[in-house]
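# Summary of the model geometry
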Amino acid sequence: MGRRKGGIGIALMTVAVLVGASACGGGGGGGDKKAGGDDEKAAGKPGVSASPTPAKPKGPPMLLETITPLNDAKVGVAMPISVVFTNPVAAKARASVEKHMKVSTSQPVAGAWHWFGDKRADWRPKTYWPAGTKVKIDADMKGVSNGNGRYGVHGYTHSFTVGDDVRADVSVTGHTMKVTKNGQAVRTLSINAGSAEFPTWNGTMAVIDKQEKVHMTSCSVGISCNKGSANYYDLTLPWDVHLTQSGTYVHYSTGDPNPGSGSARGSHGCVHLSLADAKWFYGQVKQGDPVTITGSPRAKAPADNGYAAFNLSWDQWLAGSGAGEGTTATL
């Protein structure tokens, strides 16, 4: 089991709502004000000149749609900073745009931006964040060009904290999930993962979000819309930890109530836990905690299928950067 009915991407965007991101949001009054200096001269006082006001860049505004994580969030060690623009950013402008999205931390961290297409840029550390790191992103877009005739009119600021280093390592062939916290083993849980027909993604996926209940259907993800099919399902299932936009979850399934090597019953790509274990795991993890799956015949999840940034090597990550590797500013 394990796919949400409707667009999985909607959940991602809901988690990352950016206050003031729309063109009608706060702070727009100054952007509409006439920028010339002549109308600032004092009436009836010829010869008194005003200081020239910088000209407003011509063209429609460049705006950000979302910044993830949310302001004041506490996240896991694998969580990237993900910025989504409302309009495409040209390749020639990306290095400049990156330099205006400053990342500051409470301790120095090496990292870089990477573009997924022309609207999404993610910043990840070279290795996982150190637990306890305080992070701030200052996206000062005022006057910055997107290379396609648009210019930034707002500044955006988000701050968040990296919490405990919680990791889950899933062995598809071993039917186990090992959970650690700050380097110490916590529990090993019995699991079932995907079948030969519907294999689970390999690789490391940072938790996108979690919900106590999710409505999942086989039809919504193209598995089967035929109610007579053995692969058809339409269920609301509990304790759902969301790993990919394409519909991978760690959760409990009524069709596989006692997962483990004894039952060895495959899923439709999700990771199944018993009801008690699913509730326990749900309570342990947060957005950005890495879940690493090995032993599946499937490839690693694409790095933009949710927040799977660490499925790319550092060289691969830098290949998608405009400005290259840098070290964070001091917070």
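Residues numbered from 1 in each chain as written. Predicted model: local features only at pLDDT ≥ 70, side-chain atom pairs only at ≥ 80, totals over all residues. Heavy atoms only, no water.

The rolling of a water-molecule-sized probe over the atoms marks out the regions of remaining empty space. Looking at the second largest pocket, its volume works out to about 250 Å³. Considering the residues around the second largest pocket, the lining is formed by 15 residues, among which Glu98, Met101, Trp113, Trp123 and Gly326 are closest to the centre. Secondary structure elements with two or more residues in the lining of the second largest pocket: helix H3 (94-99), strand E5 (101-105), strand E6 (110-116) and strand E20 (326-327). The residue inventory of the lining of the second largest pocket, partitioned by class, reads 7 nonpolar, 5 polar and 3 charged. (1 Å grid on protein atoms, 1.4 Å probe; cavity = no way out; pocket = protein on both sides within 12 Å on 5 of 7 lines; lining within 4 Å. Points joined across faces, edges and corners; volume = space filled by probe spheres on them. Helix = DSSP H or I, 4+ residues; strand = E, 2+ residues; numbered from the N terminus. Nonpolar A, V, L, I, M, F, W, Y, C, P; charged D, E, K, R; others polar.)

This brings us to the sheet that holds strand E21 (residues 329-330). In spatial order, the strands read E3-E10-E8-E5-E21; together these 5 strands make up an open sheet with mixed pairing. On the outer flanks of this sheet lie strand E3 (74-75) and E21, each paired with one strand and no other. (Pairing = 2+ DSSP bridges.)

Attention now moves to the state of the cysteines. Evaluated as defined, the whole model comprises 1 disulfide. The disulfide partner of Cys219 is Cys225, and the gap between their sulfur atoms is 1.9 Å. Taking the sign of the torsion about the S-S bond as the criterion, the disulfide between Cys219 and Cys225, at about 85°, is right-handed. Relative accessible area serves as the criterion here: at 35%, Cys219 is assigned to the partly exposed category. Overall, the relative accessible area of 51% leaves Cys225 in the exposed class. (Disulfide = S-S within 2.5 Å. Buried < 20%, exposed > 50% of the residue type's maximum accessible area, 1.4 Å probe, protein only.)

Moving on, we come to the packing of aromatic side chains. Working definition: an aromatic ring pair is given by the centre-to-centre distance plus the angle between the planes. Here the structure, examined in full by the defined rule, presents 6 aromatic pairs. Ring geometry for Trp239 against Tyr282: centres 5.1 Å apart, planes inclined by 65°, an arrangement best described as edge-to-face. Here Trp239, found in strand E16 (residues 234-242), pairs with Tyr282, found in helix H4 (residues 275-284); they are 43 residues apart in sequence, far enough to count as distant. The ring of Tyr282 carries Lys210 above its face, with NZ or CZ at 4.7 Å from the centroid. Here the basic side chain of Arg298 rests over the ring of Trp201, its NZ or CZ set 3.5 Å away from the ring centre. (Phe/Tyr/Trp six-rings, centres within 6.5 Å; stacked < 30°, edge-to-face > 60°. Lys NZ or Arg CZ within 6 Å of the ring centre and 35° of its normal.)

In spatial order, the strands read E15-E16-E17-E18; together these 4 strands make up an open sheet with mixed pairing. Single-partner strands in this sheet number two, and they are strand E15 (209-217) and strand E18 (271-273). Looking at each pair of strands side by side, their axes are set apart by 40° on average, direction ignored. The sheet contact formed by E15 and E16 spans 8 bridges and is antiparallel. Bridged to Asp209 within E16 is His242. (Axes fitted to C-alpha atoms, helices over the stretch in contact; angles between N-to-C directions.)

By themselves these figures say nothing about function.
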